[in-house]
Amino acid sequence: MNLSSLNPGQTAVLVIALYMVALIALGLLSQLVLRLTVADYFVASRGLGSFMLLMSLIGTTMTAFALIGSSGESWESGIVTYGKMASWSGIIHAAMYFLIGLKLWAFGKKYGYVTQIQFFRDRFESDKLGLLLFPILIALLVPYILMGVISSGNSIEAVTGGAFPELFQATKGAVPYWLGALVTCVIVLYYISAGGVRGTAWVNALQTMIFLVLGVAMCWIIAEKLGGPVKATQMVVEHNPTRLKRAVTPDDASHYEEKLAQWNADPKKAVIKPRAPHASSKIEFTTYLFIPLSVAMFPHLFQYWLTARSAKKFKMSIIGQPLLIMVIWAPCVMIGIWATSAIYNGQPVIPPEFAEPNKILPVMVRKLASPVMGAFLAAGIFAAVMSSMDAMFLALGSMFANDIAGHYIGHDRFSDRQLVWIGRVFIVLVVAVSYVLALQWRQSRVFSLGIWCFTGFASLFPVLFAAIYWRRATKIGAYASILAAAGTWFYFFREAGYGASGEPVHWGLTPVTLVFGASTLALILVSLITRPPSPSTVAKFFGVSNDAR
Amino acid sequence: MKRFVILALVLLAILHQDFWWWDSIDPLVFGFVPIGLAYHIGVSIAAGVLWALAVQYCWPRDVDVPDVPVTTSSSPLHSERQH
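My aim in this report is to walk through the structure given alongside it, one point at a time. (Residues numbered from 1 in each chain as written. Chains lettered and ligands numbered in written order. Predicted model: local features only at pLDDT ≥ 70, side-chain atom pairs only at ≥ 80, totals over all residues.)

This part covers unusual backbone geometry. Note that the residue after D26 of chain B, namely P27 of chain B, is joined by a cis bond; omega there is 0°. Its location among the elements puts P27 of chain B in the loop between α1 (2-15) and α2 (35-57). With a phi angle near 55°, N345 of chain A is a residue other than glycine that sits in the positive phi range. Residues other than glycine seldom take positive phi values, yet F30 of chain B does so here, at roughly 55°. Its place among the elements puts F30 of chain B in the loop between α1 and α2. (Helix = DSSP H or I, 4+ residues; strand = E, 2+ residues; numbered from the N terminus.)

Listed below in structure tokens is the structure:
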């Protein structure tokens, strides 16, 4: 095959296909060492070392949200995106690994837990708590999975333009969204089914390294095409200065009016249509600290925590989190900001009426990188997308096999092999549902989907924190907190048109603050007026009896 | 040292609220990173340094669980239970 005869879209298809073949090969390889037991399939027999744990955790937490969502959001809102998400996450994620992850790993190792629900059932002495938590965790994970499916479908369509003009006429030759999303789902499904969490960790290590390197490379190449980073930023200073700060002054407003008038008078001469100034709220900026608390409640993160060989293996992950989040987010935020005002060959890189933030990164890559590099960069985007989706699928399979099938029908009635197969079948069902939903919700903003999902998980954090650090936290208090979180979350989600409009703000506060406050209040008040946990439970989780409190 | 690390982490969370650079683009660090973004990249680096100190000086004593047979669980693993 003569590579030079391929058009850019075909080159992209070739690179993506090769990348996916590599993932399948890794899946096959991990299958060779897989023992079909629950402990090996779902927690890799608790045997991962420091590096694999770090790569898996980064790959899992840095999703389509970090690449596609961050660039799209900074195109909309500017540099505030980094401060309210990335630097907060650097501080808080590491704190969650240190304060929550280590403790849960120790309990998991000591008492044989594979899922969060097993821990909660034991700690709160309530069998039914699992029935309440299971649907809530699934409902919150589905939008998270959707972010990945939507991003992969959109990205493949964006970078493969012109590949098969006769086959896909409706998309001008690009691999259509439905097919790109389907292929991504099938590949992920294959390697998690083949190798379980160990196979997923291997694939994630590879994928994380790829998107770490390619994210920086992507930023560098795009900057060079725009005449260097200094010139790229100068274009933003000229056309959209409010994207480089967080306030909007009267001078900024008049600058915008002036630029808009120039555009309306002569679009060709003005080149860039200015974007409306965007001011950020200081209170909102502060309250975003609650969002990264969500990682402590992610079922897929809990599962990865359990894979560590020893507590010491967490050290590299704790230190590496803030630094690697920076390496991923900073380039994407810069690309999103540059996209507002980027001019190449006298033309705007992003068309003036463009309204799809999810496609900012793929479009910048397609228009400004060489076809081969563009295709590699697209592979980097899939690496980020798939390294999160796989962990979520696996966590859902584990929860169903262990918390529902195993727990209610009886672990003794199934062999390990059967439980693994039950998990696999449930994963296929969830992937199918997610795929159908992704076809319907293609236009959903990845950043918005992410924020609602993280708000839900963060609102369950008080129950988890109290379960570990407050021995007076009671079963009824946990129920009250979970119900308060679910109720207030749904109230605000409905108010936001089920994610269609922006987050509703009350008294200057974002929904996550209010939902978090409601669940914390319910937990404390109800726990204080209800019967404390039994001495045996307190001794089991705190090492002392209730009398010592 | 443990107290210093905890205090420094709390201080970093407070310093995250850089309201003083809310309306500033300049100085552009390296000529292209606006100060508001450069500051927060600095916060990320500082967080990495402080968490490195935390794992060194504030490591919890009760998390190192030896490899022993699983004691109890509401739903123990088959494969681990057989140990």
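From this point, things continue past the structure.
All names here are of chain A. With their axes 9 Å apart at the nearest point, helix α15 (residues 360-368) and helix α16 (residues 371-409) run at an angle of 160° to one another. For the element pair α15 / α16, the angle class is roughly antiparallel. Seen along the crossing, α15 lies across α16 with a hand that is right-handed. Where α15 approaches α16, its residues L361, P362, V365 and R366 are matched on the opposing element by G374, L377, A378 and I381. Here the contact of α15 with α16 is built from residues that sort into six nonpolar, one polar and one charged. (Axes fitted to C-alpha atoms, helices over the stretch in contact; angles between N-to-C directions. Parallel < 35°, antiparallel > 145°, perpendicular 65-115°, else oblique. Left-handed = near helix turned anticlockwise from the far one by under 90°. Contact = placed C-beta atoms within 7 Å. Nonpolar A, V, L, I, M, F, W, Y, C, P; charged D, E, K, R; others polar.)

The buried fraction of α15 of chain A amounts to eight of the nine residues, a majority that puts the element mostly inside the structure. I360, L361, P362, V363, M364, V365, R366 and L368 of chain A are the residues of α15 of chain A that are buried. (Buried ≥ 20, exposed ≤ 12 C-beta atoms within 10 Å, placed from the backbone.)

Below, the discussion takes up the interface of chain B and chain A. Counting residues at the interface gives 41 residues for chain B and 55 residues for chain A. Listing elements by their share of the side of chain B that touches chain A, those giving two or more residues are α1, α2 and α3 (78-81) of chain B. Considering each element in turn, the side of chain B that touches chain A owes the most residues, 13 residues, to α2 of chain B. Class assignment for the residues of the side of chain B that touches chain A results in 23 nonpolar, 15 polar and three charged.

Moving on, we get to the packing of helix α14 (residues 315-339) of chain A against α2 of chain B. The N-to-C vectors of α14 of chain A and α2 of chain B enclose an angle of 170°; their axes lie 7 Å apart at closest approach. When the interaxial angle is binned, α14 of chain A and α2 of chain B end up roughly antiparallel. Contact residues: α14 of chain A offers K315, I318, I319, P322, L323, I325, M326, A330 and V333 of chain A, while α2 of chain B offers L37, I41, S44, I45, A47, G48, W51, A52 and V55 of chain B. Taken together, the residues of the contact of α14 of chain A with α2 of chain B break down into 15 nonpolar, two polar and one charged.

The buried count for helix α6 (residues 116-123) of chain A comes to eight of eight residues, which makes it a mostly enclosed element. E125 of chain A sits one or two positions beyond α6 of chain A and adopts a positive phi of about 50°.

These figures come from the coordinates and say nothing about function on their own.
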